[in-house]
Amino acid sequence: MASKVVVIKTSPETVLADYRRLLHLAEYEKYISKYKDTILKLNLSWNKFFPASNTPPWQLEGVINTLLEDEFAKEKIFPVENKTVVTDPIKGAEKNLWKPILKRYGLAFIPLPEVEWTRYEFKSEFMKLNQIFPEGFEIPKLFIGKQIIHLPTVKTHGHSVTTGAIKNSFGGLLKEFRHYAHKYIHEVLVDLMLMQKELHPSIFAIMDGTVCGDGAGPRTMTPVIKNYLLASADQVAIDAVAAKMMGFDPKQIPYLR
């Protein structure tokens, strides 16, 4: 069965309504249940406000607005983001205007360094993670058994060529020292897909391409206005479509291949 990726055009005047239209065209309710706990995995590549580098505020608002209109309970929505060696999720949430949006809709931001992390016995045979972290690694306990919606942007990346739905899990499932995995990033991204398949009953991605990131991603990019929105329940398919839109052959990008 072919995977479905929805791509629509938007504008500053219509972006919130367009996010609602995007989600319904992608039939997100087939994959994300309003009766289950839902993680909203934000994307923070830089503390500074830089469209394309991070989840822009209109993406966050468009998605939350749609979920609440579709009768998702506020207490079942968990907006999260992690730290890196160069980012702080609390500063990022403030400077990228996530905090006022979450406050307006009655939701709390959850910085992943402040939640409980635990060992999880994965059944999958990983390509590289066990070699990189031979002593094992922890994941956020919060992630276990919850469905997840990823909120990436359309942009390039210095290590993985492109970054999107699949790599957004890199910032959630591994701690701040995950940069050690950059040497084997393509294999690690495959491992992360295997991890997610075990952890989450369902996975969905909503990608913002209003401002796309070209060049040396994910922080020193050239912003390019394109005004596209993408959504899919297939993480590989949506990243492949975004890569094609950015001018790449998806089959030449190892993690997608």
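As the structure is a prediction and not an experimental result, all values here were calculated from the model.

(A) Spatial organisation of the pairing of strand β10 (residues 203-216). When you tally the buried positions in β10, you get 11 out of 14 residues, the bulk of the element. By the bridge criterion, 2 bridges tie strand β8 (residues 153-157) to β10 in an arrangement that is parallel. In the sheet register, K155 faces β10, and the bridge partner there is G213. With 11 bridges connecting them, β10 and strand β11 (residues 220-232) associate as antiparallel partners. Within β11, the residue paired with D208 across the bridge is L229. From the end of β10 to the start of β11, which pair antiparallel, there are 3 residues.

(B) Up close: the packing of aromatic side chains. Following the criterion strictly, the structure yields 10 aromatic pairs and no others. Note on F126 and F137: the rings are 6.5 Å apart at their centroids and 40° apart in plane angle, and the pair reads as tilted. With a gap of 11 residues between them, F126 in the loop between β5 (117-118) and α5 (129-132) and F137 in the loop between α5 and β6 (139-140) connect regions that are remote in the sequence. The two residues F126 and F137 agree in class, both being buried.

(C) Broad picture of the environment of N47. One can find N47 in the loop between β2 (38-41) and α2 (57-69). Along the primary structure N47 and N96 are separated by 49 residues, whereas in three dimensions their C-alpha atoms are 7.5 Å apart. Ignoring sequence-local partners within four residues, the contact set of N47 consists of V86, T87, D88, K91, G92, K95 and N96.

Rules used in this analysis
- Residues numbered from 1 in each chain as written.
- Predicted model: local features only at pLDDT ≥ 70, side-chain atom pairs only at ≥ 80, totals over all residues.
- Heavy atoms only, no water.
- Buried < 20%, exposed > 50% of the residue type's maximum accessible area, 1.4 Å probe, protein only.
- Helix = DSSP H or I, 4+ residues; strand = E, 2+ residues; numbered from the N terminus.
- Pairing = 2+ DSSP bridges.
- Phe/Tyr/Trp six-rings, centres within 6.5 Å; stacked < 30°, edge-to-face > 60°.
- Contact = heavy atoms within 4.5 Å.

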